Each structure stands twice: as C-alpha cells, then as structure tokens.
Amino acid sequence: MGERDEPGTIGRRVQRLRVARGLTQKQLAEPVYTPAYVSTLEAGRVRPSDEALRHLAERLGVEFDELATGRSARRVTELRLGLTEAQRALAVGEAESAVEQYTALLAEAQAQELPEEQAAALLGLGECALDTGELADGRRYFEEAEARLADAPLPARVPALRGRAVAHYLAGELRYAVYLLESTIDELNRGGLHDPDALLLLYASVIGPYMDMGAHARAAQAAEFALALAPQSGDPALVARMHRSVARTLLAEGRLVEADASLAKAAELYRGLQLRTELANCHWMRGYVYAQNGELEGAEAEMWEALHMLSATRATLYSSQLTVELADVLHRRGRSEEAAELLRDVLGGLSPERGAVHAAAAHRLLGIIAEDARDTEQAEEHYVRALSLLERAGAAGDLADLCRLLGDLLRRTGRVEAALDAYRTGLGHRTAPGTTTLGPAPAQPPV
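Conventions adopted
- Residues numbered from 1 in each chain as written.
- Predicted model: local features only at pLDDT ≥ 70, side-chain atom pairs only at ≥ 80, totals over all residues.
- Heavy atoms only, no water.
- Helix = DSSP H or I, 4+ residues; strand = E, 2+ residues; numbered from the N terminus.
- Buried < 20%, exposed > 50% of the residue type's maximum accessible area, 1.4 Å probe, protein only.
- Contact = heavy atoms within 4.5 Å.
- Areas by Shrake-Rupley, 256 points an atom, 1.4 Å probe, with all protein chains shown as cover.
- Arc of directions from axis to C-beta.
- Core = buried A, V, L, I, M, F, W, Y, C linked by side-chain atoms within 4.5 Å.
- Salt bridge = Lys/Arg side-chain N within 4 Å of Asp/Glu carboxyl O.
- Phe/Tyr/Trp six-rings, centres within 6.5 Å; stacked < 30°, edge-to-face > 60°.
- Lys NZ or Arg CZ within 6 Å of the ring centre and 35° of its normal.
- Axes fitted to C-alpha atoms, helices over the stretch in contact; angles between N-to-C directions.
- Parallel < 35°, antiparallel > 145°, perpendicular 65-115°, else oblique.
- Left-handed = near helix turned anticlockwise from the far one by under 90°.
- Nonpolar A, V, L, I, M, F, W, Y, C, P; charged D, E, K, R; others polar.
- Expected span 1.5 Å × (residues − 1).
- Bend = angle between axes of the 7 residues up to and from the residue.
- pLDDT = per-residue confidence, 0-100.

(A) Summary view of the overall build of the protein chain. Looking only at helices and strands, the protein chain has 22 helices and zero strands in total. Here the protein chain holds 447 residues, and 50% of them are scored as buried. Put simply, of all contacts in the protein chain between residues at least 6 apart along the chain, 62% involve residues at least 24 apart. Split by element, the accessible area of the protein chain, about 20,700 Å² in all, is 50% carbon and sulfur.

(B) A look at helix H3 (residues 35-42). Taken residue by residue, H3 has Val38, Leu41 and Glu42 as its buried positions. Relative to the axis of H3, the buried residues are bounded by an arc of 95 degrees and lie together on one face. Elements that come into contact with the buried residues of H3 comprise helix H1 (7-20), helix H2 (25-29) and helix H4 (50-60). One or two positions beyond H3, positive phi appears at glycine 44, with a value near 80 degrees.

(C) View of the nonpolar core. One finds Tyr203, Ile207, Leu343 and Tyr383 to be the most contacted residues of the largest nonpolar core, which totals 88 residues. The greatest single-element share of this core, amounting to 11 residues, is contributed by helix H12 (residues 196-212). Core analysis: the second largest hydrophobic core is formed by 19 residues, Val76, Leu79, Leu83 and Leu105 among them.

(D) Structural context of the pattern of salt bridges. A complete count under the given rule lists 20 salt bridges for this structure. The residue aspartate 408 makes a salt bridge to arginine 411 at a minimum N-O spacing of 3.7 Å. Separated by three residues within a single helix, aspartate 408 and arginine 411 lie in helix H21 (residues 396-412), roughly one turn from each other. Relative accessible area serves as the criterion here: at 47%, arginine 411 is assigned to the partly exposed category.

(E) Seen up close, the packing of aromatic side chains. The full count for this structure, using the stated rule, is two aromatic pairs. Here the aromatic rings of tyrosine 33 and tyrosine 37 are separated by 5.1 Å at their centres, their planes lie at 20 degrees, and the arrangement is stacked. Residue classification places tyrosine 37 among the partly exposed residues on the basis of a relative accessible area of 22%. Look at tyrosine 176 and tyrosine 179: their rings are 5.9 Å apart centre to centre, the planes differ by 25 degrees, and that puts the pair in the stacked class. Here the residue tyrosine 176 and the residue tyrosine 179 both occupy positions in helix H11 (residues 174-190), the gap between them amounting to three residues, near one helical turn. Arginine 140 extends its terminal NZ or CZ atom over the ring of tyrosine 141, reaching a point 4.7 Å from the ring centre.

(F) View of the packing of helix H6 (residues 73-91) against helix H7 (residues 95-111). At their nearest, the axes of H6 and H7 sit 8 Å apart, and the two run at 160 degrees to each other. Judged on the interaxial angle alone, H7 and H6 are roughly antiparallel. Viewed along their axes, H6 and H7 form a crossing whose handedness is left-handed. Residue-level inspection shows Arg75, Leu79, Gly82, Leu83, Glu85, Ala86, Gln87, Ala89 and Leu90 of H6 in contact with H7, the latter providing Ser97, Ala98, Gln101, Tyr102, Leu105, Glu108 and Ala109. Of the residues that constitute the contact of H6 with H7, the class distribution is nine nonpolar, four polar and three charged.

(G) Just H12, in detail. Between its first and last C-alpha, H12 extends 25 Å over 17 residues, near the 24 Å set by a 1.5 Å rise per residue. Residue valine 206 marks the point of greatest curvature in H12, where the axis turns by about 25 degrees; the proline proline 209 follows within four residues. Looking one or two places after H12, you find glycine 214, whose phi comes out positive at around 85 degrees.

(H) Seen up close, the environment of alanine 223. Within the secondary structure, alanine 223 is located in helix H13 (residues 216-229). Between the C-alpha atom of alanine 223 and that of histidine 283, which follows or precedes it by 60 residues, the distance is 8.5 Å. Those residues in contact with alanine 223, other than ones at most four positions away along the chain, are Ile207, Cys282 and Met285.

(I) Highlighting the confidence of the model for the protein chain. Per-residue pLDDT for the protein chain has a mean of 81; in total, 82% of the residues score no lower than 70. When mean pLDDT is compared element by element in the protein chain, helix H9 (residues 135-148) scores highest at 94, while helix H14 (residues 236-252) scores lowest at 61. Ignoring residues within four places in sequence, the model shows residues 431-438, a span with pLDDT below 50, making 18 contacts including any to other chains.

(J) Broad picture of the packing of helix H8 (residues 115-132) against H9. Packing of H8 against H9 leaves a shortest axis separation of 8 Å and a crossing angle of 160 degrees. Taken together, the axis directions place H8 and H9 in an arrangement best described as roughly antiparallel. Between H8 and H9 lies a crossing whose hand is left-handed. Contacts from Pro115, Gln118, Ala119, Leu122, Leu123, Leu125, Gly126, Glu127, Ala129 and Leu130 of H8 reach H9 at Leu135, Asp137, Gly138, Tyr141, Phe142, Glu144, Ala145 and Arg148. Classifying every residue of the contact of H8 with H9 by side-chain character gives 11 nonpolar, three polar and four charged.

Right under this line is the structure:
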C-alpha cells in the first residue's frame, strides 16, 4: 500500500467518483456513515480512517489503494507484467518490439507517478539502445533511470550505473568507463553490500575496458570473480515463462500480492538471461588468455562459444568486437583468408563512435595480413586508419604496438624519418604488459 494522499485530494476524488456514479452523499454513506460525514470528507476537513475508505471504495466500486492514492493496485501489477513482457522480448533479442513496449510502459508509469517502474522502463530502453548501438540515447536513458532511483540503495542503481559505463566504453571513453565500474564495485564491497547479481554485472562489464587499456591481469581477475558469482539455473527462460503464466492467472483472480511475487521471480530470471552477454564476455576473456599462452585451439573454441552466446541475444556490437579477436586467432592458426573475410564483414558495423578500439584492431590485423601478402600500400593504409582511431580512444598499449608495426613498415620501404616519428609516438604510449596507469584494483568480493 502506498502513502496516502492529503485529505483534500482524497475528498475531491471521492466526490468525483460519487458524482460519476450518480450517487447522493446519503447513498454513499449508508448504512455505516452519515451524509454529513461524507460532506465533511469531500470538503477535505477530515482524514478518513482505513475502515471508512474501505466502505467508500466498496460503494464506489474501486479498490482501496485507488481511493487512497489515486493508483489502482491492479493497474500497477498489470504495468509490472508489461515490464516483464518487455524484458523477455529484450532478453531473447527482439529489441524493436521491446522498445515499443518500454516506451508505452514508461508513459503509463509516468502517468501513475511510479518512480521505480519508470526507472525499469528507462533501463530497458537504455539496454535496447546499447544493443542497437545508439550510445548517446542509451546514456541518456541510463542517466534518467539513475535520477528516478536517487533514493534507492546502491544495488538497485547498479544496472543503470553499469549501463552508463558500458555506453561510455563503447564510445571509446575507456578510462571513464573503468572509473565508473571500479568505484561502484568498491562502494559495494567496502560498504558490505555484497549483492551477487550487482557484483556479477559489474565485474563482467569491466573486463572489456581492462583488456583495451592493457590491464590484462585485472581483466583475468574480474573474469574469475564473475564466473564464480554466475547464478546456476537449468532453463531460466522456461521457469520465467511459468512464473509469467502464473502471474496472469493470479491477476485474473484478484490475488495481486501473489501475482507481484511471481512477476518478481520472472523478472529476476530474465535478468539472468540478459547476463548471457556478460557471461559471453567471460568466455571471450578465457579465449584471450588461451591465445596469449599460445593455446590457439582452446582460444578459438572459447571465442566461438562466446560468439554463439552473443548471437543468441543479437548483441550485434559486441559480436562485431569479438569477431575481430577471433579473426586474430584464425590468422595465427594460418587461416588468414578466413580471418580477413570476417574482418571485412564487421568493419561496416564499427566506427570511431561505435567500437573504436575494435575497429582499430580490425584495421591493424588487416594491415598485418596485407603485409604478409606483400601489399605494403594497403598495409600502411590500414595502420594509419588504426592509429587515428586509437589516438582518439586513448588505448595506450595498442597504440604503442601499432606504432612499432607502422615504423617497421616505413623503415622497410626506405622512409627512415617517417619511421622514426612513428617509433617516437609509440614510445610515448608504451606500457608494460598487464599494467596500467589506473589506481588500486577494487576490493575483492566475498566469493
């Protein structure tokens, strides 16, 4: 039950409903109350008791909550059911349908002045925007969701904070993304707020920025924590569908509290399904570690597993990024043509504002493949494009390596001064493997 409106607001509501139903004050009052009491109540000069409101609600044919707060408990439950349906659509990759549903539900939640439901709809719209690569819109939705939850505990705000960080990361703002994720992890762990779902979401999300900044040790540790925190479930989609069906039945029977409980269980399971993207990142990380250790067969298997998980959720931007790293493994296994074909396919979906670091990685690898084929002109063109992208993103480790490749190419083609310039640029960005200029690592969770 929500907090009651002021007596004047309740009084006007009672009068409006009474007149709409063609009842006199005497008809509304009988047999328990007097017409004078109803008149005083409608004038806002008395605060009605729960018993009085229940009597009036029954006579007016409305629910107690609707009379006391202006919001129908049934409509709120139906709104939550709609949010769960939209969450299902997003979880199974139907982003366009989810956008339509979330937009309508946001308008309804605003009309009913329900901040938590508004935040849920905004969060859903933000996730849809990440899936479709509309990063500025996504960031705006996540910021609005945070504003609606300003007074909520930190674990409740984590999905919106994480969404904002991921939007910055995908836009190439690596350091700020890491700052947002690490500071939230620290606040949870140091404050004793060990919420497994919130921590899993944060640790899995920080892997990508760590990798792109050259903080490989931190990325490996984050992946270890995320996999240890991952919830175990047989078939969450099936169980969630069961809870949705039960909720509909309970709603039809007027058992709103039980319907809400079933919807909460369904929503939790759909959140788990959306975590497939995050868990795919963990397989991705494992593949990277295998590749660094020269275990290319294992690396390819892990990356294909991650790619299949991402394809199932239609997370096209993430899939494009992973494909670049898979292509690197294929190239190292001697399948350069297959690798180049994958890279050419994904470059159309990447840009400076949308996956800059991975677009640079694609151009870098295409440059290496071109060098192997003795096409130095095309190799240089790809290296220069990659250099421009990495300078904008501030990916120091990758930038130093690329400058070495470009410098070597220029030196071999007789342009010594240009090669020296490239080497100097690279030295300015050099970092040791597995290190970063970030501050101390976040506090460890109680895994």
